[in-house]
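# Report on the structure
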Amino acid sequence: LVLLDVRAKLYELLTHAIPADIVFRSIVSEILNHLDQELAPRVIQCAALYEHRMQKGSKPIMHLEAFAAKFMQMYKTYLSSMLDFDF
């Protein structure tokens with residue numbers, strides 16, 4: 001998925017009156033269910049930061065999208081480091 005696609009899906013959920021905190025927690029839960037345990041602590045820390053910002057801010061879509069972008073960057077870096085690992 002491209003970040004623009006992610007934003008469109010998040011926006012669709014929010015426009016259908018699904019609370020942002022439920023969307024956020026569901027996304028994080030699904031990510032953690034499918035993620036390597038080595039990366040999980042960093043994702044949890046990042047999720048806590050963006051959830052806090054979302055609760056303090058006024059536009060949840062921005063914080064949801066920012067978390068998605070950060071996670072995508074973290075995951076890409078993690079996969080790149082795994083591929084660069086010498087056996």
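Provided above is the structure to which this section pertains.
Overview of the structure. All values derive from a computational prediction rather than experimental measurement.

### Observations regarding the nonpolar core
Counting residues in each nonpolar core, the largest one holds 21 residues, and the members touching the most others are Phe24, Val43, Leu64 and Phe67. Of all the elements in the fold, those that place two or more residues in this core are helix H1 (3-15), helix H2 (20-33), helix H3 (40-56) and helix H4 (60-84). The element best represented in this core is H4, accounting for 7 residues. Residues contacting Leu64, with those up to four places away along its chain left out, are Leu10, Leu14, Ala20, Val23, Phe24 and Met54.

### A closer look at unusual backbone geometry
A positive phi angle, near 65 degrees, is found at Ala17, a position not held by glycine. The residue Ala17 is located in the loop between H1 and H2 in this model.

### With respect to a nonpolar patch on the surface
A cluster of nonpolar residues, Leu13, Ile18 and Ile22, forms a patch on the protein surface that exposes about 220 Å² of accessible area. Position of Ile22 among the secondary structure elements: in helix H2. In this structure Ile22 comes out as partly exposed when scored by relative accessible area, which is 46%.

Rules used in this analysis
- Residues numbered from 1 in each chain as written.
- Predicted model: local features only at pLDDT ≥ 70, side-chain atom pairs only at ≥ 80, totals over all residues.
- Heavy atoms only, no water.
- Core = buried A, V, L, I, M, F, W, Y, C linked by side-chain atoms within 4.5 Å.
- Buried < 20%, exposed > 50% of the residue type's maximum accessible area, 1.4 Å probe, protein only.
- Helix = DSSP H or I, 4+ residues; strand = E, 2+ residues; numbered from the N terminus.
- Contact = heavy atoms within 4.5 Å.
- Patch = residues over 30% accessible without salt bridge, like charges linked within 9 Å, V, L, I, M, F, W, Y side chains within 5 Å.
- Areas by Shrake-Rupley, 256 points an atom, 1.4 Å probe, with all protein chains shown as cover.
- Salt bridge = Lys/Arg side-chain N within 4 Å of Asp/Glu carboxyl O.

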